[in-house]
Structure formats: structure tokens, C-alpha cells
Amino acid sequence: MTQETSVVDDLVRKRLRALRLARGLSLGDLAERTHLSPATLSRLETGSRRLALDQLVLLSRALDTSLDQLVATEAEDVVIAPVRDHGQDGGLRWTLRDSPDTTVLRRRFTAPPGTPAGTPGAATGAPATMTSAQRAHPGREWLIVLSGTALLHLGTRSVRVERDHVAEFPTMLPHSLGAADSRPCEVVMVFDREARRAHPG
């Protein structure tokens, strides 16, 4: 066995055990799903028995994963550098490598929803017009408030989203987002493909 093969073999064994534990399965539970004995499964996980393709097929099905994912080597690039999103007031944007239809955007709001950026006194908490700047489009959005408090105008509702809270909503509801108070708020927004089309960057 070459060193490279040994590394992959060890990775697969660790992955098998991690997946089993993550799904809350004992060796006995997995044995019932695969028709392999608990002793055989234990030896496969610890390396005292050689991995065979037919067993890996059974195990991938029982652990609700694909054979490709089970034997995949470590990811080459795990860090994604941000892109400055000039279309969104200089926020940062990331497109997820393994899920290119999903975009992550970080923005800082200093004004209430519906207040044009740069308006004098916009960050003082002046009331916003409910309908100006509201938009509706296909898709879904999620947002996480990192600091401050966000104010989400959603249809006819106004929802305060506090720090460390998440809001999820269908974007066909007219919506706008901004700072709830005189203090800025910072959010991370996640868009599916349809929602991202309405937020060009």
C-alpha cells in the first residue's frame, strides 16, 4: 500500500466513524442497516480489516451519503476570499464554491429602511417610508445580525432583528432592510440564485 493510498484509507475510516456517530448510530444499528456484523464494522473503522468496495457501497447507503463523498480526499481550497460588492455600498460578497447558486453578502446599514444612503440625518433613526425602496422578487433570503439591531420592513410588518438572531423570508413579499436605531447594524445575508438576481453586485 502506497503512502497516498494509506492516507485516503485512513481518511475514509475516520469519515465512516464520524458519519455513524453524527447520525446517532451504534455499531449494532449500522450492522442492521448493512447486514455486516458489528465486529466487522468495528474492524473497518479501526483499520484492522481491509476496506472493500462492496462494503463501502453498503455503508454509503446506510449512512445516507454517496460513495463519491465517502471516498473524497480533503478539499483543496477551503477559504474563499471576499469580493468588494460595489453595487451594495461596498459590502463584501462570497459565492460558495460547491454551491454556486448561493451567495453570501456582508453589509453595514447606517440608516433606517427606505432612507436613501447619504441622506442628512439618515442614521439618527428618522422614520422611513414603508414603501419606498421596498422590492419584491422570486427567491428566498436569510440574514444574520452581527451587531446592532436591524429593522426589516416585510409587507405591512416591521420586524426588529436583534444581534445574533436570524430572519428568513420569501422575497416575493415586498421588503427593505436598514438599521433600527441610531446605531449602525451589520448583517450577513444569504441569497439563493433567484434572490441574488435582484441584488446585482
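The text that follows walks through the structure, step by step, so that each part is easy to find.

So, how was this worked out
Residues numbered from 1 in each chain as written. Predicted model: local features only at pLDDT ≥ 70, side-chain atom pairs only at ≥ 80, totals over all residues. Heavy atoms only, no water. Buried < 20%, exposed > 50% of the residue type's maximum accessible area, 1.4 Å probe, protein only. Helix = DSSP H or I, 4+ residues; strand = E, 2+ residues; numbered from the N terminus. Pairing = 2+ DSSP bridges. Axes fitted to C-alpha atoms, helices over the stretch in contact; angles between N-to-C directions. Parallel < 35°, antiparallel > 145°, perpendicular 65-115°, else oblique. Left-handed = near helix turned anticlockwise from the far one by under 90°. Contact = heavy atoms within 4.5 Å. Nonpolar A, V, L, I, M, F, W, Y, C, P; charged D, E, K, R; others polar.

## A word on the pairing of strand 3 (residues 103-109)
1) Next: By the criterion of burial, strand 3 is predominantly enclosed, with five of the seven residues buried.
2) Next: In terms of strand pairing, strand 2 (residues 91-95) meets strand 3 through four bridges, oriented antiparallel. Residue pairing across strands places Leu92 opposite Arg106, the latter belonging to strand 3.
3) Next: Strand direction decides the pairing type here: strand 3 and strand 9 (residues 185-191), joined by seven bridges, are antiparallel. Considered in strand 9, the bridge of Thr103 is made with Phe191.

## Details of the sheet that holds strand 5 (residues 150-154)
1) Next: The sheet built from three strands is open, its strands ordered 6-5-8 with antiparallel pairing. Each having just a single partner strand, strand 6 (157-161) and strand 8 (175-179) make up the two edges of the open sheet. Adjacent strand axes in the sheet meet at a mean angle of 20° when their direction is disregarded.
2) Next: Both strand 5 and strand 6 contribute to a ladder of five bridges, which runs antiparallel. Among the inter-strand pairings, Leu152 is bridged to a residue of strand 6, identified as Val159.

## What about the packing of helix 2 (residues 27-34) against helix 4 (residues 53-62)?
1) Next: Put simply, helix 2 and helix 4 touch, their axes get as near as 9 Å, and they point 110° apart. Regarding the angle of helix 2 to helix 4, the classification is roughly perpendicular. The chirality of how helix 2 crosses helix 4 is right-handed. Contact residues: Leu30, Arg33 and Thr34 in helix 2; Leu58, Leu59 and Ala62 in helix 4.
2) Next: Taken together, the residues of the contact of helix 2 with helix 4 sort by class into four nonpolar, one polar and one charged.

## Things to note about the sheet that holds strand 7 (residues 166-170)
Strands pair in a sheet through their backbones, by hydrogen bonds, and they do so in one of two ways: parallel or antiparallel.
1) Next: The strand order across the open sheet formed by six strands is 1-2-3-9-4-7, and the pairing between neighbours is antiparallel. Looking at the sheet topology across the chains shown, the edges are occupied by strand 1 (83-85) and strand 7. Taking each pair of neighbouring strands and ignoring which way they run, the sheet shows an average axis angle of 25°.
2) Next: Sheet topology places strand 4 (residues 140-147) next to strand 7; five bridges connect them, and they run antiparallel. Across the sheet, Trp142 pairs through a bridge with Glu168, a residue of strand 7.

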